[in-house]
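Residue strings, one per chain:
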Amino acid sequence: MHPPSLPAALTIPKKLSRYSAFIIVLGICVGISASTASTLTAMDNKSTLQWQQMVQAGENQDVYFHTWGGDPQINAYIQWAAKAVDRKYNINLVHVKLSDTSEAVSRVLAEKSANNNDKGSVDLIWINGANFAAMSENKLLLKDWASTLPNFALTDPDNNPSVTLDFGIPTNGMESPWGQASLTFYYDNLAIDKPPATLQQLSAWAQQNPGRFGYPKPPDFLGMSFLKYALVMLHEQNDSKNGTTLRAELNQPVDAQNKDLILNPLWDFLDELHPMLWRKGEQFLQSGAQMRRLVDDTELSLAFTFSGPEIPAAVQRYDLPPSIRSYAMTDGSLSNTHFVAIPYNASHAAAAQLVANFLLSPEAQAHKQNPAVWGDKTVLVQSTLSAEQQALFKANKPHASALPFDAIKRTVSEPHPSWVDAIMQGWQARYGVSE
């Protein structure tokens, strides 16, 4: 950007002293600055007025918030948020618990097919990855709203692409970031002195400890997360050995040309791993909850979750023994940002935006990050917060079983959403079992 040139009438005469010229230029700059400040103030006033109108439109409404309902800590946090928006806006936040987010996607799609374009039953949905890609592709989401939320600026979107990209797909204002999560492993330190810290070490450990590790079968979210972690790590290893760039293909949509080339290393890895798993890979776990129960029963010694704070919570409620410890893989932790979105036909879109803005507030984000509450990492950038707001995030000493604060040394991003179906179909064809 170039500075504005001076108007012809304001060209500085050659005979003026350097001091006089300086005074003239200074006056022009002050005038330009005042004009710019006036423009910015007008923009701020306009944004403030628009948000005030949004508040007036959204108060005293119901908001049907559709989320996965399988974690009691998360459910309790949503109830806390419901009480907060009730006090703030007199909004009745109704938590609609799902066993899988795709249920809400299917509901909105069915409403669109029935030409229900303004009385939808889903007002707000917890979403990311493949479900976002599907809703975006089918034009099921409200556009251009998330970046207008006052608290969105606290995510520093210009320097933080994770809040505007979902599995590599631009969100285009259709999603508001809510939190960040990473694949976290945990183990019983009475059974394991030194847990495996890389995918290769995990394979070797399973060979030495048959039956002591397992993963839930697809399409379970945790099972898919483990398979994606393995796929990414295998290609990072292969690329470094062979000087290839196949890892980059995972950021692109799957197609007939790259599908087998990318997935075959995963099948080779699983062919070797499965006989060493729980029940020799002839049966698979159904869920993360079952995996946790088997660790508690000492049938498994090593497990994983995408919600690290659930581990100390499970220990504190005696669902896991006190000897449990959490850690992150050193070769990389599969990580992603999760979001909330508003369907295009939401009955209470304005109220949903008020809820989304509250979920981005320092108060709500700090409460959510508290390990005793949820422990979900904030999406807010600390440098955008006041000292008072930053103080909200200072936590007490974590539980011994919790993931250490600085445990994650390296994060790796999720593959393009289209790889989820490719992995699931390939896995079912090769390893699908009835149990």
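Everything quoted here is computed from the prediction, not taken from an experiment.

Participant: Which parts of the structure should I look at to understand the overall build of the protein chain?
Facilitator: For the protein chain, the helix and strand inventory stands at 13 helices and eleven strands. In the protein chain, once contacts between residues fewer than 6 apart in sequence are set aside, the share between residues at least 24 apart is 82%. Only carbon and sulfur atoms are counted for the fraction: they give 53% of the accessible area of the protein chain, which is about 21,500 Å².

Participant: Is there a simple way to explain helix 4 (residues 130-137) in this structure?
Facilitator: One turn of an α-helix holds 3.6 residues; hence residues three or four places apart share an orientation. Every buried residue of helix 4 is accounted for by F132, A133 and M135. The inward-facing, buried residues of helix 4 abut helix 3 (102-113), strand 3 (124-127), strand 4 (165-166), strand 5 (169-170) and strand 6 (175-182). Just downstream of helix 4, K139 is the residue with a positive phi angle, here 55 degrees.

Participant: Would you mind showing me how to read the environment of H338 here?
Facilitator: Considering the arrangement of structural elements, one finds H338 in strand 10 (residues 333-341). For H338, a relative accessible area of 6% translates into the label buried. A C-alpha to C-alpha distance of 6.1 Å links H338 and Q180, two positions 158 residues apart in sequence. Here D376 takes part through its side chain, which lies 2.8 Å from a polar atom of the side chain of H338.

Participant: Would you mind showing me how to read the nonpolar core here?
Facilitator: The tendency in soluble globular proteins is for nonpolar side chains to be buried side by side. Residues F185, F226 and L270 are the most contacted members of the largest nonpolar core, which totals 57 residues. The biggest single contributor to this core is helix 6 (residues 221-242), with ten residues. Beyond its immediate stretch of four places on either side in the chain, F185 contacts F213, F226, Y229, L302, A303, F304, R325, S326, Y327 and M329. Core analysis: the next-biggest nonpolar cluster, separate from the first, contains 42 residues, Y89, L124, V355 and F393 among them.

Participant: What exactly am I supposed to notice about the side chain of T67 here?
Facilitator: With respect to the element layout, T67 can be found in strand 1 (residues 62-68). When residues no more than four places from it in sequence are discounted, the contact partners of T67 are I78, H95, V96, K97, L98 and W126.

Participant: Is there a simple way to think about unusual backbone geometry in this case?
Facilitator: Leave glycine aside and you will find that most residues have negative phi; peptide bonds, for their part, are mostly trans. The residue after P218, namely P219, is reached through a cis peptide bond having omega 10 degrees. Mapped onto the secondary structure, P219 falls in the loop between helix 5 (199-208) and helix 6. At N172, a position not held by glycine, the phi torsion is positive, near 50 degrees. In this fold, N172 is placed in the loop between strand 5 and strand 6. N172 gets classed as exposed once you look at its relative accessible area, which sits at 52%. Unusually for a residue other than glycine, Y318 sits at a positive phi of about 70 degrees. Following the sequence through the fold, Y318 ends up in the loop between helix 9 (310-316) and strand 9 (324-327).

Participant: How should I be thinking about the sheet that holds strand 8 (residues 302-305) in this particular structure?
Facilitator: Working definition: the strands of a sheet are paired by backbone hydrogen bonds and lie parallel or antiparallel to each other. Reading across the sheet, the three strands line up as 8-7-9 and stay open at both edges, with antiparallel pairing between neighbours. Of all the strands in the sheet, the pair left with one neighbour each is strand 8 and strand 9. On average, each strand axis in the sheet is tilted by 30 degrees relative to the strand beside it, whichever way the strands run. Across four bridges, the pairing between strand 7 (residues 184-188) and strand 9 is antiparallel. Bridge pairing links F185 to Y327 in strand 9.

Participant: Help me understand the confidence of the model for the protein chain in this model?
Facilitator: Detailed conclusions should not be drawn from predicted coordinates in areas where pLDDT is low. Looking at the protein chain, the pLDDT average stands at 87 and 88% of residues meet or exceed 70. Element-level mean pLDDT values for the protein chain span from 59 in helix 1 (residues 18-58) up to 98 in helix 10 (residues 349-359). Across residues 1-43 the pLDDT falls below 50, and counting only partners more than four positions away or on other chains, this stretch makes six contacts in the model.

Participant: What should I look at first to understand the pairing of strand 2 (residues 92-98) in this one?
Facilitator: Looking down a regular strand, the side chains alternate between one sheet face and the other. Of the strand pairs in this sheet, strand 1 and strand 2 are connected by seven bridges, and their pairing is parallel. Of the residues in strand 2, the one forming a bridge with Y64 is V94.

Participant: Sorry, what's going on with the pattern of salt bridges here?
Facilitator: Oppositely charged side chains may form a pair once their charged atoms are brought near each other. Scanning the entire structure with this criterion turns up five salt bridges. Here R410 ties to E236 by a salt bridge, and the two come within 2.9 Å at their closest N and O atoms. Taken as a pair, R410 in the loop between helix 12 (387-391) and strand 11 (411-413) and E236 in helix 6 lie far apart in primary sequence, 174 residues in all. On the basis of relative accessibility, which here comes to 34%, the residue R410 falls in the partly exposed class. The exposure class assigned to E236 is partly exposed, which follows from its relative accessible area of 22%.

Participant: In this structure, what is going on with the side chain of S182? I would like to understand it.
Facilitator: Position of S182 relative to the elements: it lies in strand 6. A polar side-chain atom of S182 sits 2.5 Å from a polar atom in the side chain of S335. In this view, S182 contacts T305, F306, S333, L334, S335 and I408; residues no more than four positions away in its chain are not counted.

Participant: I keep staring at helix 5 and nothing clicks. Help me out?
Facilitator: Inspection of helix 5 places L199, L202, S203, W205 and A206 among the buried residues, and these make up the whole buried set. All buried residues of helix 5 fall inside an arc of 165 degrees around its axis, so they share one side.

Participant: So what exactly am I meant to see when it comes to the pairing of strand 1 here?
Facilitator: This β-α-β element, strand 1 to helix 2 (residues 72-89) to strand 2, shows right-handed connectivity. Direction of pairing for strand 1 relative to strand 3: parallel, over a ladder of two bridges. Bridge assignment links F65 to a residue of strand 3, and that residue is L124.

Rules used throughout
- Residues numbered from 1 in each chain as written.
- Predicted model: local features only at pLDDT ≥ 70, side-chain atom pairs only at ≥ 80, totals over all residues.
- Heavy atoms only, no water.
- Helix = DSSP H or I, 4+ residues; strand = E, 2+ residues; numbered from the N terminus.
- Contact = heavy atoms within 4.5 Å.
- Areas by Shrake-Rupley, 256 points an atom, 1.4 Å probe, with all protein chains shown as cover.
- Buried < 20%, exposed > 50% of the residue type's maximum accessible area, 1.4 Å probe, protein only.
- Polar contact = N/O pair within 3.5 Å; in protein donor to acceptor, adjacent residues only side chain to side chain.
- Core = buried A, V, L, I, M, F, W, Y, C linked by side-chain atoms within 4.5 Å.
- Pairing = 2+ DSSP bridges.
- Axes fitted to C-alpha atoms, helices over the stretch in contact; angles between N-to-C directions.
- pLDDT = per-residue confidence, 0-100.
- Salt bridge = Lys/Arg side-chain N within 4 Å of Asp/Glu carboxyl O.
- Arc of directions from axis to C-beta.
- Right-handed = clockwise from strand over helix to strand, strands pointing away.

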